[in-house]
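Observations on chain architecture
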Amino acid sequence: KLEHLFESRSKEAPTSKKAIDGKKVVVVLDPKRSNAINIGLTVLPPIHIIKTAVLNFDEFAVSKEGIEKILTMVPTEEEKQKIQEAQLANPDVPLGSAEQFLLSLSSISDLTARLQLWAFKLDYESLEQEIAEPLFDLKVGMEQLARNHTFKCILATLLAMGNFLNGSQSRGFELGYLEKVSEVKDTVHRQSLLYHLCQMVVEKFPETTDLYSEIASITRSAKVDFEELANSLVQLERRCRASWHNLKVIAKHETKLVLKTKLTEFLKDSTQRIIVLKVVHRRVLNRLVAWGHSRNLTVPLVARCDRCSHRFHSFVLYLGYPVSAARDVKVTSICKLLREFALEYRTCWERVLQQQKKRAAHRERSKTRGRLITETEKFSGIAEAVLPSAVVSSSPKEQMEAGHESMKIVLTSPTDIPARRSRTSQGTGHGTPSQSSPAQEDVPSSPDDASDEIMDQLVKSVTHNANPRPCPNKERRRSRGNRKSCK
């Protein structure tokens, strides 16, 4: 009795009949599996289109994402057998949507091989691009950096500064010291060594640039994991070999000669291109292993670097790394080092240039400080045009003499200039020329009249070009004291 009660039994998914939209259907699959397939069917075309597209490798009918989705829905032999048995047991009851989809997929010959080959065919271009572009950027970036004039000037200036500060005569330094340049500061102004380096490079080599804009390929290479890239190349080669095996499986049941020829040509071309990719990868990232175990490897390695300066490890030797350390240097780390230094140098370079522009503008302002605007070069031509021809002369001394003579004439002018009327006479306005006595006409003008005449001329010379601002007519205020009372 205990044996019967506690017997371990394997759970089998029973064949059940469920009513969907008022109709009974046969459900065999696990609920989770059935639900996943039904969700996938919402983004896939109808089953008859999928079947035709898989048989003809029609990429316009089913997208790459659709193929990857179908690969997760491929029925197993057990599922296929259960669905067939349920269909035989209930011939009058239709299958569920998930069961019907799997049964239709199982009718396609060599389904898994076709889907894997088709997925590789659609993925190959993007996979090859993900490997080839970083290798090309690394090759171009090393060539750019090797012939970059700004980078050479920076290294030479930094070496000279280090030798001066340390009192040594070193012929070089490790590239890793570039990380510490921004951390070392002087004891007076607390400016970093990078600032002084940039300032000296700009002064000694004004044709140099910010360095960062000239090594864009190195900047892009710093974002790539080249160890992962090598694994991707191995996986690409492995998938290509698996595709050859899938093609052999498909060819046994495929009757269309055109399709077999097309797939064969594609695999031959992809195989050749993968071989080229492997050669490029090996040459760009050469490990310098085939040079033997001689004690002095510097001469042949430098010679090889001159012949093929775009290879990474030869380039590392060109930068001054010893042979023992060059084998262990990683591409991503050295590219990140160069990128960070170039970015910091660009920021400091822009700051130095901005300070130089401010100093130049300050010097220009100091030249004209305390001078009239007409004395500056910008307004000198305008001032000469405004001055009268009697005053303008070939030299400042003559201009001063001419101005003195004109003022002297005004001061010593005879009495024929009519005397200025006083404010009282102007204010009354009742006097007439006939009422003035002849004795008054014979009296010479007083010094006050001469000074008034000078003031009039000065006022006219200042205001003869002035445009009076139009002002609205204001009503005169009337005194309330003169109003009559109505009482």
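What counts and what doesn't
Residues numbered from 1 in each chain as written. Predicted model: local features only at pLDDT ≥ 70, side-chain atom pairs only at ≥ 80, totals over all residues. Heavy atoms only, no water. Helix = DSSP H or I, 4+ residues; strand = E, 2+ residues; numbered from the N terminus. Buried < 20%, exposed > 50% of the residue type's maximum accessible area, 1.4 Å probe, protein only. Contact = heavy atoms within 4.5 Å. Areas by Shrake-Rupley, 256 points an atom, 1.4 Å probe, with all protein chains shown as cover. Salt bridge = Lys/Arg side-chain N within 4 Å of Asp/Glu carboxyl O. Axes fitted to C-alpha atoms, helices over the stretch in contact; angles between N-to-C directions. Parallel < 35°, antiparallel > 145°, perpendicular 65-115°, else oblique. Left-handed = near helix turned anticlockwise from the far one by under 90°. Phe/Tyr/Trp six-rings, centres within 6.5 Å; stacked < 30°, edge-to-face > 60°. Polar contact = N/O pair within 3.5 Å; in protein donor to acceptor, adjacent residues only side chain to side chain. pLDDT = per-residue confidence, 0-100. Core = buried A, V, L, I, M, F, W, Y, C linked by side-chain atoms within 4.5 Å. Nonpolar A, V, L, I, M, F, W, Y, C, P; charged D, E, K, R; others polar.

By the naming in an unreviewed UniProt entry, the chain is FHOD1 protein, taken from Mystacornis crossleyi.

Scanning the chain from terminus to terminus reveals 21 helices and 2 strands. With 487 residues in all, the chain has 30% of them scored as buried. Long-range pairs, those at least 24 residues apart, make up 75% of the contacts in the chain with a sequence separation of at least 6. Total accessible area computed for the chain in this model is approximately 34300 Å², and 54% of it derives from carbon and sulfur atoms.

In this section: the pattern of salt bridges. Enumeration according to the criterion identifies 13 salt bridges in this entry. Across the pair R339 and E340 runs a salt bridge whose closest N-O atoms are separated by 3.1 Å. Judged by its relative accessible area of 36%, E340 falls in the partly exposed class. Here the residues in one salt-bridge network are E125, E128, D269 and R273, joined through shared partners.

A pair of packed helices can be characterised by two numbers: the angle between their axes and the separation between those axes. Interaxial distance between helix α7 (residues 111–146) and helix α12 (residues 257–284) falls to 11 Å at its minimum, and their mutual angle equals 25 degrees. When the axes of α7 and α12 are compared, the pair comes out roughly parallel. Crossing handedness for the pair α7 and α12: left-handed. Residues L117, F120, K121, Y124, E125, E128, I131, A132, L135, L138 and M142 of α7 lie in contact with α12, whose contacting residues are L263, F266, L267, S270, R273, I274, L277, V280, H281 and V284.

We now examine the packing of aromatic side chains. Tallied over the full model, the rule gives 6 aromatic pairs. A centroid spacing of 6.2 Å and a plane angle of 90 degrees characterise the contact between Y124 and F266, whose relative ring orientation is edge-to-face. Of this pair, Y124 sits in helix α7 while F266 sits in helix α12, and the two are 142 residues apart along the sequence. Exposure remark for Y124: the relative accessible area of 1% places this residue in the buried category.

In this model, D110 sits at a positive phi of 55 degrees, which is unusual for a non-glycine residue. Within the secondary structure layout, D110 lies in the loop between α6 (97–106) and α7. Of note, the phi angle at R190 is positive, near 60 degrees, even though the residue is not glycine. Mapped onto the elements of the fold, R190 is located in the loop between α8 (149–166) and α9 (193–204). We classify R190 as exposed; its relative accessible area is 54%.

For the rest of this paragraph, the subject is the side chain of H313. Along the chain, the position of H313 falls in helix α14 (residues 312–318). A distance of 2.6 Å separates a polar atom in the side chain of H313 from the backbone oxygen of A326.

Per-residue pLDDT for the chain has a mean of 77; in total, 69% of the residues score no lower than 70. In the model, residues 10–14 has pLDDT below 50 throughout and makes 2 contacts with residues more than four positions away in sequence or in other chains. In the model, residues 389–393 has pLDDT below 50 throughout and makes 8 contacts with residues more than four positions away in sequence or in other chains.

What follows covers the nonpolar core. Ranked by size, the top nonpolar core spans 91 residues in total, and within it F101, L138, L175, L197, F312, I334 and Y345 carry the most contacts. Sort the elements by how many residues they give to this core and α7 lands first, with 14 residues. Beyond its immediate sequence surroundings of up to four residues, L197 is in contact with I154, T157, L158, M161 and V181.

So, on to the packing of helix α2 (residues 31–41) against α6. For the pair α2 and α6, interaxial distance at closest approach is 9 Å and the crossing angle is 75 degrees. Between α2 and α6, the interaxial angle falls into the category roughly perpendicular. Listed contacts from α6 to R33, S34, I37, N38 and L41 of α2 are S97, A98, F101 and L102. Its residues assigned to classes, the contact of α2 with α6 shows 5 nonpolar, 3 polar and 1 charged.

Along the chain, Q199 falls in helix α9. Discounting chain neighbours no more than four positions away, the residues touching Q199 are V352 and R359.

Among the secondary structure elements, V140 is positioned in helix α7. When the C-alpha positions of V140 and A216 are compared, they lie 9.5 Å apart, and in sequence the two are 76 residues distant.

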